[in-house]
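One-letter residues, chain by chain:
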Amino acid sequence: MLSVDAINVGYGDTQVLFDLSLDVAEGEVVAVVGSNGAGKTTMLKTLAGLLQPKSGTITFEGQDLTRSKAYDVVDHGLVYVPEGRRLFPRMSVRKNLELGAYSPHARAHRDEQLAFVYDLFPVLKEREGQLAGTLSGGQQQMCAIARGLMSRPRLLMLDEVSLGLAPVIVKRVYEAIAEVKNLGMTLLLVEQNVRLALSVADRGYVIQSGSVVLTGTGQELMANNNVRKAYLGL
């Protein structure tokens, strides 16, 4: 479904990703894990069309998206939920969600998707008229994920969804991710919480200094001694 082949990406003269390659098959949950500063968010921003690779290719469902703009990437069904929520704080929860259904394809199914995300996160229905900036951190994260789902993604990319959240809220967010997975949606999940990410992943990639250094199933990586020592404290 998604094929990333040897992309090199940087900011100005500073290179961050070095010949990074990965693949995501339809219906899979793929986790990309690594320490802070490894290049995980840069990779997602590149896939989302917010950064342009210096070289390499990005192919999604047979279409070359290497040089595509962000709005074209969304139109193809590749949707990015950024780190830090990035909601419109002075707009209501409902307006934030409706903006997720901005593309013509998603707009035609807006009410259907709204019912779906309200069922997934009932607290958003309860607070649909509340300003998004007044929600708790966990509720804002739910709203950010729900806004991504409003776009009717073919592949949803989630960046650090557990960051800064209380354990009970992280548990609820990951329960929702598991529900979305069970519906057959394809997910690319970036996390510093390695144990959490690999526990829900079919496959995973470990990134170090902008390059893939390990790959395998979620269980294989959890059992890998290097991963256990470096990321799990075992």
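Note that residues are indexed from 1 along each chain, following the sequence as it is written. Totals for whole chains, interfaces and linings use every residue, but because this is a predicted model, local features are given only for residues with pLDDT of at least 70 and side-chain atom pairs only at 80 or more, for both listing and counting. To obtain the side-chain values, all non-hydrogen atoms of the structure were included, while hydrogens and water were left out.

This part is about the overall build of the protein. Within the protein, the secondary structure is distributed over 11 helices and 10 strands. We compute the radius of gyration over the C-alpha atoms and compare it with the globule rule, which gives 2.2 Å times the number of residues raised to the power 0.38. For the protein, the C-alpha radius of gyration of 17 Å lies close to 17 Å, the compact-globule estimate for 234 residues. The principal-axis extent of the C-alpha atoms belonging to the protein is close to 45 × 40 × 35 Å. Counting across all 234 residues of the protein, residues that qualify as buried make up 49%. When the accessible surface of the protein is split by element, carbon and sulfur atoms take 50% of a total near 10700 Å². Here the positive residues are Lys and Arg and the negative ones are Asp and Glu; neither His nor the chain ends is included. Every charge is mapped to an atom, namely NZ of Lys, CZ of Arg, CG of Asp or CD of Glu. Mean positive and mean negative side-chain charge positions of the protein (24 and 24 charges, respectively) differ by 6 Å. By definition, any uninterrupted DSSP run of H or I lasting at least four residues is a helix, any uninterrupted run of E lasting at least two residues is a strand, and each is numbered from the N terminus. Each residue is assigned to one of three classes by its accessible area relative to the maximum for its type, calculated with a 1.4 Å probe on protein chains only: buried under 20%, partly exposed between the two thresholds, exposed over 50%. Here the open area of atoms and residues is found with the Shrake-Rupley method and a 1.4 Å probe, where only the protein chains shown may cover a residue.

A few words now on the packing of helix α7 (residues 137-150) against helix α8 (residues 167-182). With axes taken as lines fitted to C-alpha atoms, and helix axes fitted only over the stretch in contact, angles between N-to-C directions fall between 0 and 180 degrees. For the pair α7 and α8, the least separation of the axes is 10 Å and the interaxial angle reads 15 degrees. Compared by their axis directions, α7 and α8 come out roughly parallel. α7 and α8 meet at a crossing whose hand is right-handed. Residues Gly138, Gln141, Met142, Ile145 and Leu149 of α7 touch α8, and the partners they reach there are Ile169, Arg172, Val173 and Val180. Under this scheme an angle from 65 to 115 degrees is roughly perpendicular, one under 35 degrees roughly parallel, and one over 145 degrees roughly antiparallel; angles in between are oblique. Left-handed describes a crossing in which the near helix is turned anticlockwise from the far one by less than a right angle; the clockwise case is right-handed. What makes two residues a contact is simply this: any of their non-hydrogen atoms within 4.5 Å.

Unlike most non-glycine residues, alanine 6 shows phi in positive territory, near 55 degrees. Positive phi values are uncommon outside glycine, yet aspartate 19 reaches one of about 50 degrees. Topologically, aspartate 19 is positioned in strand β2 (residues 14-24). Judged by relative accessible area, aspartate 19 falls into the exposed class, the value being 52%.

To pair, rings of Phe, Tyr and Trp, with the six-membered ring standing in for Trp, must have centres within 6.5 Å; the planes then decide the type, stacked if under 30 degrees apart, edge-to-face if over 60, and tilted in the middle. Using the criterion set out here, one finds 0 aromatic pairs in the structure. Lysine and arginine charges are scored as sitting over a ring when NZ or CZ, respectively, is within 6 Å of the ring centre and within 35 degrees of the ring normal. Here arginine 107 stacks its cationic end above the ring of tyrosine 102, 5.4 Å away from the centre of that ring.

Strands were regarded as paired on the criterion that DSSP finds at least two bridges between them. Read across the open sheet, the 4 strands follow the order β2-β1-β4-β5; overall the sheet is antiparallel. A strand with exactly one partner marks an edge of an open sheet, and here the two such strands are β2 and β5 (63-64). As defined by bridge partners, strand β1 (residues 2-11) adjoins strand β4 (residues 55-60) across 5 bridges and the pair is classed as antiparallel. If you follow serine 3 over to β4, its bridge partner there is threonine 59. Each of β1, β2 and β4 touches helix α1 (residues 40-47); the most contacted strand, β1, lies at about 115 degrees to it.

Okay, the packing of helix α3 (residues 93-100) against helix α5 (residues 110-120) next. Packing of α3 against α5 leaves a shortest axis separation of 10 Å and a crossing angle of 125 degrees. Here α3 is positioned oblique relative to α5, judged by the angle of their axes. Between α3 and α5 lies a crossing whose hand is right-handed. Contact residues: Arg94, Leu97 and Glu98 in α3; Arg110, Leu114, Val117 and Tyr118 in α5. Among the residues making up the contact of α3 with α5, the classes are represented as 4 nonpolar, no polar and 3 charged. Three classes are used, and their members are as follows: Ala, Val, Leu, Ile, Met, Phe, Trp, Tyr, Cys and Pro are nonpolar, Asp, Glu, Lys and Arg are charged, and the others, Gly among them, are polar.

Counting 48 residues, the largest nonpolar core has Leu97 and Leu124 as its most contacted members. Broken down by element, this core gets its largest block of residues, 7 residues, from α7. Beyond its immediate chain neighbours, meaning those up to four positions away, leucine 124 contacts Val93, Tyr118, Gln139, Met142, Cys143 and Ala146. In this structure, Leu22, Leu65, Leu78 and Val190 belong to the second largest nonpolar core, which totals 29 residues. Nonpolar cores were defined as sets of buried Ala, Val, Leu, Ile, Met, Phe, Trp, Tyr and Cys residues, with membership established by side-chain atoms within 4.5 Å.

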